[in-house]
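Listed below are the residues making up each chain.
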Amino acid sequence: MIDNEWEPVFIAANVSESEFVERMLADEGIEYDIRPEAFVREASLGACFQGLMFLVLAGQAPYCRRLISQRGLTRGLVPSPERT
């Protein structure tokens, strides 16, 4: 993956998560994009919900994941893709 490609880092399940992550990324001066994304919260329930996926430039993704995690939002983190 090239550093100027977008990489997903977080899926916000509600407005407060979305606003929190958006404000945090903006305060850090990180360029980001937001797209609608389906997600499953409880696999055993089989329910699919709609959320907002935050994408950042691939080179900033590890830093952004750490930042989001340190702020306590671990449930919506998108794991780093496998690099080959």
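Higher on the page you've got the structure.
All of these numbers come straight from a predicted model, not from anything done at the bench. (Residues numbered from 1 in each chain as written. Predicted model: local features only at pLDDT ≥ 70, side-chain atom pairs only at ≥ 80, totals over all residues. Heavy atoms only, no water.)

Colleague: I'm lost on the overall build of the protein in this one. Help?
Modeller: Per the secondary structure count, the protein includes two helices and three strands. Along its sequence from the N terminus, the protein presents helices and strands in the succession β-α-β-β-α. By residue count, 31% of the 84 residues in the protein fall in the buried class. Once local pairs closer than 6 in sequence are excluded, the contacts in the protein between residues at least 24 apart make up 65%. Only carbon and sulfur atoms are counted for the fraction: they give 52% of the accessible area of the protein, which is about 5300 Å². (Helix = DSSP H or I, 4+ residues; strand = E, 2+ residues; numbered from the N terminus. Buried < 20%, exposed > 50% of the residue type's maximum accessible area, 1.4 Å probe, protein only. Contact = heavy atoms within 4.5 Å. Areas by Shrake-Rupley, 256 points an atom, 1.4 Å probe, with all protein chains shown as cover.)

Colleague: Where do I start with the environment of A58 in this structure?
Modeller: Here A58 lies in the loop between β3 (49-57) and α2 (61-70). Residues A58 and N4, spaced 54 residues apart in sequence, show a C-alpha to C-alpha distance of 6.3 Å.

Colleague: For this particular structure, what's the right way to read the pairing of β3?
Modeller: Sheet faces and side chains relate simply in a regular strand, where the side chains alternate between the two faces. Relative to β3, strand β1 (residues 6-12) runs antiparallel, the two sharing six bridges. Bridge pairing in β3 places W6 opposite L57. The pairing of strand β2 (residues 32-39) with β3 spans eight bridges and is classified as antiparallel. Considered in β3, the bridge of I34 is made with F54. (Pairing = 2+ DSSP bridges.)

Colleague: Would you mind showing me how to read helix α1 (residues 15-27) here?
Modeller: An α-helix turns once every 3.6 residues. As a result, residues three or four positions apart point the same way. Between its terminal C-alpha atoms α1 stretches 18 Å, which fits the 18 Å expected from 13 residues at 1.5 Å a residue. Within α1, burial applies to E17, S18, V21, M24 and L25. The buried residues of α1 occupy an angular sector of 140 degrees when projected down its axis, which confines them to one face. Within α1, the exposed residues directed more than 90 degrees away from the buried face are V15 and D27. A positive phi of about 75 degrees marks G29, the residue just after α1. (Expected span 1.5 Å × (residues − 1). Arc of directions from axis to C-beta.)

Colleague: Even after reading the chapter, I still don't get the nonpolar core, so can you show me in this structure?
Modeller: Where a protein is soluble and globular, its nonpolar side chains tend to be buried together. If you look at the biggest cluster of nonpolar residues, it comprises 14 residues, and the most contacted ones within it are V9, F10, V21, L25, F54, V56 and I68. Broken down by secondary-structure element, the contributors of at least two residues to this core are β1, α1, β3 and α2. Each residue touching I68, except ones within four places of it in the same chain, is listed here: V9, F10, V21, M24, L73 and L77. The next biggest cluster of nonpolar side chains, apart from the first, holds five residues, and it includes I11, F39, M53 and L55. (Core = buried A, V, L, I, M, F, W, Y, C linked by side-chain atoms within 4.5 Å.)

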